[in-house]
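In case you want the letters, here they are:
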Amino acid sequence: MTSTDATSPQAGSGDPARYPRPPVSLEEAEWVWRELSTEAMRTGAKPEAVRLAVITGLVRATGARYGDLLRVRVEDIDLGPARAKTSDGSVLVRHGKHRTPRRHLLPADLVVLLKHWMIVREELAAELEGSVPRALLLTVHHTHDNGTTVASGLPISRQGLVLSWRRFVHRTNARYGALRPPLPTRFEQIRRAWIEASQAS
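Residues numbered from 1 in each chain as written. Predicted model: local features only at pLDDT ≥ 70, side-chain atom pairs only at ≥ 80, totals over all residues. Heavy atoms only, no water.

(A) How the structure looks around the nonpolar core. Grouped together as the largest cluster of nonpolar side chains are 47 residues, with contacts concentrated most on L58, L114, W117, L136, L137 and W165. Breaking this core down by element, the ones donating at least two residues are α2 (26-40), α3 (47-62), α4 (66-70), β2 (89-95), α5 (108-124), α6 (158-176) and α7 (188-200). Per-element tally for this core: the top contributor is α5, with eight residues. Contact partners of W165, with chain neighbours within four places excluded, come to V32, L36, L52, Y66, P184, T185, R186, F187 and I190. (Core = buried A, V, L, I, M, F, W, Y, C linked by side-chain atoms within 4.5 Å. Buried < 20%, exposed > 50% of the residue type's maximum accessible area, 1.4 Å probe, protein only. Helix = DSSP H or I, 4+ residues; strand = E, 2+ residues; numbered from the N terminus. Contact = heavy atoms within 4.5 Å.)

Structure below.
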C-alpha cells in the first residue's frame, strides 16, 4: 500500500474523515497534468489519452468532479476564435447535486488541447447514426455494459471515467517503477491537491 492510498489517521478514529485518503502533493498533481497533456498532443496519440488529458485539465481549471464533467456539453465550451492558435477560453460547469452553474476561465494550453479533442470526438462519432451527441466526453472504443455492446462516440459513464484513470495509473506505475512514487488509483486524490491549493491562495 502506498502512502497516497493509506487511510489517514482521522479515518481510523471514531470520527471518520470526509476524505480518508489524503491528496497527493501539488507538485505530483502538476506532474500528472504535464504527463497527460504532453502525451495527448503527440502525433498518433490514442483518443483515450486525449480524453483523459482533457478531463485532468478541466478538473485542474475548475475543480469539477466526475459527475460535474459528465454534464458538460459542447455548447458549454467557449474556445475563442476558431483560427486562433492559442487563446483563453471558458467552460460552464454545473457543480454538485444542485447543479449550480459557474463559468470558469480556461488557460491557453487547455484550450489548444480541447480544440484537438473536438476533432477527435467528431471522428469517434462518425459511424453513429444521426447527429453527434452533445456531451463533451464520449466513449473512445466499443465497450460492454451489462452484456450489451456500446459503440464508440456515445456519452461516457462515470464508471468509464474511473476505469480510464485506473488504466493510466497502472500503465504509468509500471513504466516508472522505482523511479517515482506510484500514482493513486483514485483520481479524487489528484483533484483535492488542486482544490486545496486554490483554497490556500
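(B) Quick peek at the pattern of salt bridges. Per the counting criterion, the structure on display carries 14 salt bridges. A salt bridge links E35 to R175; the nearest nitrogen and oxygen atoms lie 3.1 Å apart. Separated by 140 residues along the polypeptide, E35 in helix α2 and R175 in helix α6 bring together distant segments of the chain. Residues R51 and E48 are paired through a salt bridge, measuring 3.9 Å at the closest nitrogen-oxygen approach. Within this pair, R51 and its partner E48 are both found in helix α3, separated by three residues, close to a single helical turn. Here R51 falls in the buried class, since its relative accessible area comes to 2%. One salt-bridge network, held together by shared partners, links R73, E75, D76, R94 and R134. (Salt bridge = Lys/Arg side-chain N within 4 Å of Asp/Glu carboxyl O.)

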